[in-house]
Amino acid sequence: MPRDYDQSAIPSVYNLQDITPYRDEPGFEQVLFRGIDQMVGFSQVTPEKPDGEPHTHPYEQLNMLVEGRLDFLVDGERVELEPYDTLMIPPEVPHTSRAVEGETATLLAFWPLREDRLEATTYQEEFPEL
């Protein structure tokens, strides 16, 4: 696991609204930010996002809705999040989400460090090149 960092670059501050999205799809934009052992996704979800098939991954995901409303499908059960609602998704549990009609949602998703998404954080100067 890549854990080295440039101590001379700490503290480092990034405004995630200024970072080019790692994922930029119809109705969905996501920027990732990493720490040494953690990662956060900053996502904007609009009603234009097509319904996605549920997916799984081998790690826990914590979510916090910052604004808007978001409809989650977790293990076949629908839940609607409102601002400041939090939701935990255990490892290997199928899930997907969509914006509630007419609303743009801002979501923070927290994971352990995901090596499959490190390329999305190359803008961070405190970590050596991958």
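That block above? That's the structure.
On a predicted model such as this, the values are computed, not experimentally measured, just so you know. (Residues numbered from 1 in each chain as written. Predicted model: local features only at pLDDT ≥ 70, side-chain atom pairs only at ≥ 80, totals over all residues. Heavy atoms only, no water.)

(A) Expanded view of the overall build of the protein chain. A tally of regular secondary structure across the protein chain gives zero helices and nine strands. What you see for the protein chain is a C-alpha radius of gyration of 15 Å, in line with the 14 Å of a compact globule of 130 residues. Across its three principal axes, the protein chain shows a C-alpha extent of roughly 45 × 30 × 25 Å. For the protein chain, the proportion of its 130 residues judged to be buried stands at 40%. Long-range contacts, defined as pairs at least 24 residues apart, comprise 68% of the intrachain contacts of the protein chain with a sequence gap of at least 6. Roughly 7700 Å² of accessible area belongs to the protein chain as shown, and the carbon and sulfur atoms make up 49% of that amount. A distance of 4 Å separates the average location of the 9 positive side-chain charges in the protein chain from that of its 27 negative side-chain charges. (Helix = DSSP H or I, 4+ residues; strand = E, 2+ residues; numbered from the N terminus. Rg over C-alpha atoms; globule rule 2.2 N^0.38 Å. Buried < 20%, exposed > 50% of the residue type's maximum accessible area, 1.4 Å probe, protein only. Contact = heavy atoms within 4.5 Å. Areas by Shrake-Rupley, 256 points an atom, 1.4 Å probe, with all protein chains shown as cover. Lys, Arg positive; Asp, Glu negative; His and termini not counted. Charge placed at Lys NZ, Arg CZ, Asp CG, Glu CD.)

(B) Seen up close, the nonpolar core. One finds Val45, Leu65, Leu70, Phe72, Val74, Leu87 and Ile89 to be the most contacted residues of the largest nonpolar core, which totals 13 residues. If you list the elements that add at least two residues to this core, you get strand S5 (70-74), strand S7 (86-89) and strand S9 (105-112). It is S5 that provides the largest number of residues to this core, a total of three residues. Beyond its immediate stretch of four places on either side in the chain, phenylalanine 72 contacts Asn63, Glu77, Arg78, Val79, Leu81, Leu87, Ile89, Thr96, Ser97 and Leu107. The next biggest cluster of nonpolar side chains, apart from the first, holds eight residues, and it includes Tyr59, Trp111, Leu113 and Leu118. (Core = buried A, V, L, I, M, F, W, Y, C linked by side-chain atoms within 4.5 Å.)

(C) Representation of the sheet that holds strand S6 (residues 77-81). Read from one edge of the open sheet, three strands run S6-S5-S8, paired in antiparallel fashion. Two strands in the sheet have a free side with no partner beyond their single neighbour: S6 and strand S8 (95-99). Each adjacent strand pair in this sheet contributes to an overall mean axis angle of 20°, direction not counted. Strand direction decides the pairing type here: S5 and S8, joined by five bridges, are antiparallel. Residue pairing in the sheet places leucine 70 in a bridge with alanine 99 of S8. (Pairing = 2+ DSSP bridges. Axes fitted to C-alpha atoms, helices over the stretch in contact; angles between N-to-C directions.)

(D) Here's a closer look at the pairing of strand S3 (residues 38-45). Most of S3 sits inside the fold, with six of its eight residues counted as buried. As paired elements, strand S2 (residues 28-34) and S3 share seven bridges and run antiparallel to each other. In the sheet register, valine 31 faces S3, and the bridge partner there is phenylalanine 42. Adjacent in sequence and paired antiparallel, S2 and S3 are bridged by three residues. Of the pairings in the sheet, the one linking S3 to S9 comprises eight bridges and is antiparallel in character.

(E) Expanded view of unusual backbone geometry. The amide bond that connects isoleucine 10 to the next residue, proline 11, takes the cis arrangement and shows omega of 0°. Tracing the sequence through the fold places proline 11 in the segment before strand S1 (23-25). Despite not being glycine, aspartate 75 has its phi angle at roughly 50°, a positive value. Following the sequence through the fold, aspartate 75 ends up in the loop between S5 and S6.

(F) Highlighting the sheet that holds S1. Read across the open sheet, the six strands follow the order S1-S2-S3-S9-S4-S7; overall the sheet is antiparallel. A single partner strand is all that each edge strand has here, and the edge strands are S1 and S7. Within the sheet, the average angular offset between the axes of one strand and its neighbour, ignoring direction, is 15°. Sheet topology note: the strand S4 (residues 61-67)/S9 ladder contains five bridges and is antiparallel. Across the sheet, the residue bridging to leucine 62 is phenylalanine 110, located in S9.

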